[in-house]
Amino acid sequence: MREATTATASPVDTGSDRRTRVLLAVACVMLAGLIYAVVVRDEAVPCPNELIGAWETSAKGYEDGMLVFTKTGVAFSVGAEHVDAQAVRRLEVVPDGSRTLYTVIYGDSRRDEQTLSFYYHTKEQTLTFKNQSHLVWTRKAMQS
C-alpha cells in the first residue's frame, strides 16, 4: 500500500525578502568596488552620515528602485535584476536654507565619472533630485 505524501510549497517571495536580497547584492557589489578602489589607490570620498542608508520612493515607475549610500560609495538598483555601484570621487555640499544641495561625483575611474545632484531636506529627512523635484526619496527603515 502506498502512503500519501504531502507536497510542501516553497515560501512566498515577499517584497521584504526581495529588498533584502537587493540590499545584499548591493553590499557585495559595493565591497567589490571598494576593494577595486583600494587596489588602484584612488581614494573614495566619505559620505556624510545623514546620507548613509537605503533610500526608496513610491513614485510611479520607481517602486522597485533603491538608492543606497555607504561610507564611500553609491549604488542604484532597479529591482533585483539591475544593481550599479560606484565609488564616490568628490562630494560638494552647499547649504540652502532648510535643505542642503549635494553634488556627488562618482564612477569607477576619473574617465568614467558621473554626477548626481540632489537636495537633502533636514526637517523631513528626505531626498529630491535637483532635476526631478517631484520624486521624494525616504530612508528605508532597517528591520532587525
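For the structure itself, look to the data block above.
Parameters at a glance
Residues numbered from 1 in each chain as written. Predicted model: local features only at pLDDT ≥ 70, side-chain atom pairs only at ≥ 80, totals over all residues. Heavy atoms only, no water. Core = buried A, V, L, I, M, F, W, Y, C linked by side-chain atoms within 4.5 Å. Buried < 20%, exposed > 50% of the residue type's maximum accessible area, 1.4 Å probe, protein only. Helix = DSSP H or I, 4+ residues; strand = E, 2+ residues; numbered from the N terminus. Contact = heavy atoms within 4.5 Å. Pairing = 2+ DSSP bridges. Axes fitted to C-alpha atoms, helices over the stretch in contact; angles between N-to-C directions.

**Q** I'd like to hear about the nonpolar core, residue by residue, with values.
**A** Core analysis: the largest hydrophobic core is formed by 18 residues, its most contacted members being Leu51, Trp55, Leu67, Phe69, Phe118, Leu127 and Trp137. Those elements giving two or more residues to this core turn out to be strand E2 (65-69), strand E5 (99-106), strand E6 (114-121), strand E7 (126-129) and strand E8 (132-139). Those residues in contact with Leu51 that lie beyond four places of it in its chain are Phe69, Tyr102, Phe118, Tyr120, Leu127 and Arg139. The next biggest cluster of nonpolar side chains, apart from the first, holds 8 residues, and it includes Val22, Ala54, Met66 and Ala75.

**Q** Can you explain the sheet that holds E2? Please cite residues and give values.
**A** Judged by pairing direction, the barrel is antiparallel, and its 8 strands sit side by side in the order E1-E2-E3-E4-E5-E6-E7-E8 before closing back on the first. For this sheet, the mean angle separating the axes of adjacent strands, direction not counted, is 35 degrees. Taken together, the 3 bridges between E7 and E8 define a ladder with antiparallel strand orientation. Residue Thr126 lies in a different strand from E8, and its bridge partner there is Thr138.

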